[in-house]
Amino acid sequence: MFSAFSSYPTFLVFIAIVLALVVTMALMPAWIRFLKSSHIGQQVRADGPQSHLVKQGTPTMGGVIMLIAVIVTTLLVGIPVPETFLLLGATVLTGVLGLIDDGSKVAHERSLGLTPRAKLIGQFVIAGVFVLVAVNLLGVEPTVEIPFVYTFDLGIFTTVLPIGDGISIPWLYLAFDLILLVGMCNAVNLTDGLDGLAAGTVMIVMIVMAAIAYRSNLLEPAIFAAALAGACVGFLWFNSFPADIFMGDTGSLALGMALGCLSVVTKTEFVVIIIGGLFVAEALSVMIQVAYFKRTHKRIFLMAPLHHHFEKKGWSETKVVVRFWIVSGVLAACGFGLYFATTLV
């Protein structure tokens, strides 16, 4: 549809943001009405901040429309290549896993859906298949670069299965990426606890990932990342405080997996930890809280994840969200600056 603009790749990335935004904003009102008429609403955790109890019953699964917008935009704006289908496949499958989880929450009227074990197994399978296909089909090198420090060759322990032309399994690289992808998947999910928090921070991060992909001459992944950013902007219109709809695990898990997968394709597995540093901090706050409480029966944070800690300290929800956006922007800029400096060298 946009092949006439193939000579203007920057314009295509911009169009991807706008188109995903428009599709999301066009479809979301009807989706909200459907969810309300079907009584499909968010189940709020009982031990959460008391101010969140008013969110009980707010429509959820907004991630469905976000994913539709990303699929439509990526396929229409770009020229589909193997990277396109691989990124979309991992993202959509993770979204389906989240949709099953959201559906379970609604059906059982509780804040917990699938068991943690079931979700982790699904995430590890999707991430594992993605990494193996990326290595064997896309030719992604099993290395991890720490800019200006060292490039680790994690392909030194590789098994080649005699299937077809041979399937390489770089065990160390596979293990590293499994932790990275599943970690990012759940980190974004944990960040999705306040109106506009996850959508706003992911939007910032995806704009940077689009710039990195574009700088790496990976136009289709850049369009994919731009579409994700646009979908987040469109969703923010309805998710800003007080939210009319939540993205649910359908959206947050998919966005986290997409971020991890983009880091593999663009070979920024280390830099993405800085770019998505806010998500890492949110996940670490939960891990530290749980580990410390098990040993001492005391809490380090007033409540985890980290955004709830600041709510407990008296910050309003909007103040937490805006300040976390700022922190996310600073970290994303630092990560991009580090990446850009390495390309100059």
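Overview of the structure. All figures in this text were calculated on a predicted structure; none of them were measured in a lab.

1. Focus: the pattern of salt bridges
Phase 1 of the analysis: Applying the stated criterion across every chain, the model contains three salt bridges.
Phase 2 of the analysis: In this structure, K119 engages D249 in a salt bridge whose closest nitrogen and oxygen atoms are separated by 3.7 Å. With K119 in helix α4 (residues 116-136) and D249 in helix α8 (residues 248-265), this pair connects stretches of sequence that are 130 residues apart. With respect to burial, K119 and D249 carry one shared label: buried.
Phase 3 of the analysis: For K267, the salt bridge is made with E269, and the minimal N-O distance between the two is 2.9 Å.
Phase 4 of the analysis: A relative accessible area of 26% places K267 in the partly exposed class.
Phase 5 of the analysis: Residue E269 is classed as buried on the basis of its relative accessible area of 0%.

2. Some remarks on the nonpolar core
Phase 1 of the analysis: With 87 residues, the main nonpolar core has F130, L181, M206 and M209 as its most contacted residues.
Phase 2 of the analysis: It is helix α7 (residues 219-239) that contributes the most residues to this core, 13 residues altogether.
Phase 3 of the analysis: In contact with F130, not counting residues within four places along its chain, are L86, L87, A90, L181, C261, V264 and V265.
Phase 4 of the analysis: In this structure, L278, F301, V320 and V321 belong to the second largest nonpolar core, which totals eight residues.

Conventions and cut-offs
- Residues numbered from 1 in each chain as written.
- Predicted model: local features only at pLDDT ≥ 70, side-chain atom pairs only at ≥ 80, totals over all residues.
- Heavy atoms only, no water.
- Salt bridge = Lys/Arg side-chain N within 4 Å of Asp/Glu carboxyl O.
- Helix = DSSP H or I, 4+ residues; strand = E, 2+ residues; numbered from the N terminus.
- Buried < 20%, exposed > 50% of the residue type's maximum accessible area, 1.4 Å probe, protein only.
- Core = buried A, V, L, I, M, F, W, Y, C linked by side-chain atoms within 4.5 Å.
- Contact = heavy atoms within 4.5 Å.

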